[in-house]
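This is what each chain is made of:
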Amino acid sequence: MSNQSVKSIHMVDTHGQYLKIKTAVDNAVLEVINSTQFIGGAKVKSFQENLEKYLGVNHVIPCGNGTDALQIALMALGLKPGDEVLVPAFTYVATAEVIALLNLKPIMVDVELDSFNIDPAVLEAALSSKTKAIVPVHLYGQSADMDAIMKFANKHNLFVVEDNAQAIGSTYTFPDGRKQKAGTIGHIGCTSFYPSKNLGAYGDGGAIMCNDSELANRIKMIANHGQSKRYYHDIVGVNSRLDAIQAAILDIKLAKLDDYAAARNNAADHYDKAFADINELKVPVRSSFSDHVFHQYTLRVMNGKRNELKEYLAAEGIPSMIYYPLPLYEQKAYAEHWESSNKLAATEELCNQVISLPIHTEMNEEILAHISNKVSAFFN
Ligand SMILES: *Cc1c(COP(=O)(O)O)cnc(C)c1O
């Protein structure tokens, strides 16, 4: 049973998804309330261990949200004010926000038109003696070119912090065939459990992934007021926790994450087929080295009519989103980090072309056909 019909289409159907796991979720939430173990405890530990197993990573440190995860990760690297961090200019603001917040300098670089992800070919030119880290973002559910990024980082002694808020569950394949989950390849990985993310909580949540035990300890300390043991604070930290109710829900949903990705892929396949012959549209390119978990299904509108398409769909009762309308360097808060005459070609182009259609775990053939038909009709 779902509240989705062609008369009420949503970008994400968290309610329809909930109805399918309602008994388990309701029981788990009540269990936490009855235990009054709201912070930490067995539920958080269980989820942490299950996520470590699922991702094949030594350490998962749950925290308050994805933005906190990025901030704590960067704090753990011991960088100095003014140190430079490379980030894609085409991403959600959180990626650059934490860099600026820590008095580091975000160096925004261009992305690939095809994959929407950071372009390894432009990294060299962005280097300076102050460059200390790189934050690749696995945008829309597909991993950036981590083999190239790790080689570049190793060569120049840079830390790699993966922003995996949109691609949890996605698997990356190295050229030698070795497979690793996105978010576990760099020195640190970060993810978000924001409700609309692929592994979404019923509130805020996030996690930090890391294979190095020393680094993991430092991350744990920072997330908990920099304390080594209770009331002994060795370093300046923050307070960032995943609460037990969220952990209990996430544990149930983690067991379904691969099924959820399959449902999203099914929807993406339907769209791909429906739009294959529309010359004005480019469907999302599937990388050879990463599978796709379709956090977003994002089209490129090649005839300059992206905004018209969005308005037309809205009038037809079909929601759509522009992720993201502006390059990071065009955002007022980040303009000081940028030479205003400088434009990154692919980023600029994508900001004018992209449109994301509804995609989630509860789509059915009727809704997919309805949306596809309306989009197709716009171009006929
Ligand atoms: C959602 C998201 C974040 C931030 O996660 P929150 O949990 O909302 O703080 C960071 N980076 C990217 C790419 C995201 O999509």
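Now for a look at the structure at hand.

With respect to the packing of aromatic side chains
Then, in step 1: Under the defined criterion, the tally for this structure stands at 15 aromatic pairs.
Then, in step 2: Ring geometry for Phe 90 against Tyr 140: centres 6.5 Å apart, planes inclined by 85°, an arrangement best described as edge-to-face. Of this pair, Phe 90 sits in the loop between β2 (84-88) and α5 (94-101) while Tyr 140 is found in the loop between β4 (131-134) and α7 (146-156), placing the two residues 50 residues apart along the sequence. The exposure classification of Phe 90 matches that of Tyr 140, with both residues buried.
Then, in step 3: Aromatic rings pair up to connect Phe 90, Tyr 92, Phe 116, Tyr 140, Tyr 323 and Tyr 324 into one cluster.
Then, in step 4: When the ring centre of Phe 174 is taken as origin, the NZ or CZ atom of Arg 178, which lies over that ring, is 4.2 Å away.
Then, in step 5: The ring of Tyr 232 has Lys 229 sitting right over it, with the charged end atom 4.8 Å from the ring centre.

Quick notes on the pairing of strand β3 (residues 105-109)
As a general feature of sheets, a regular strand has side chains that alternate between the two faces.
Then, in step 1: Across the five residues that make up β3, a large majority, four, are buried.
Then, in step 2: Alignment of β2 against β3, held across five bridges, turns out to be parallel. Directly across from Pro 88, in β3, lies its bridge partner Val 109.

Basis of the calculations
Residues numbered from 1 in each chain as written. Predicted model: local features only at pLDDT ≥ 70, side-chain atom pairs only at ≥ 80, totals over all residues. Heavy atoms only, no water. Phe/Tyr/Trp six-rings, centres within 6.5 Å; stacked < 30°, edge-to-face > 60°. Helix = DSSP H or I, 4+ residues; strand = E, 2+ residues; numbered from the N terminus. Buried < 20%, exposed > 50% of the residue type's maximum accessible area, 1.4 Å probe, protein only. Lys NZ or Arg CZ within 6 Å of the ring centre and 35° of its normal. Pairing = 2+ DSSP bridges.

Limitation: the analysis is restricted to geometry and does not speak to function.
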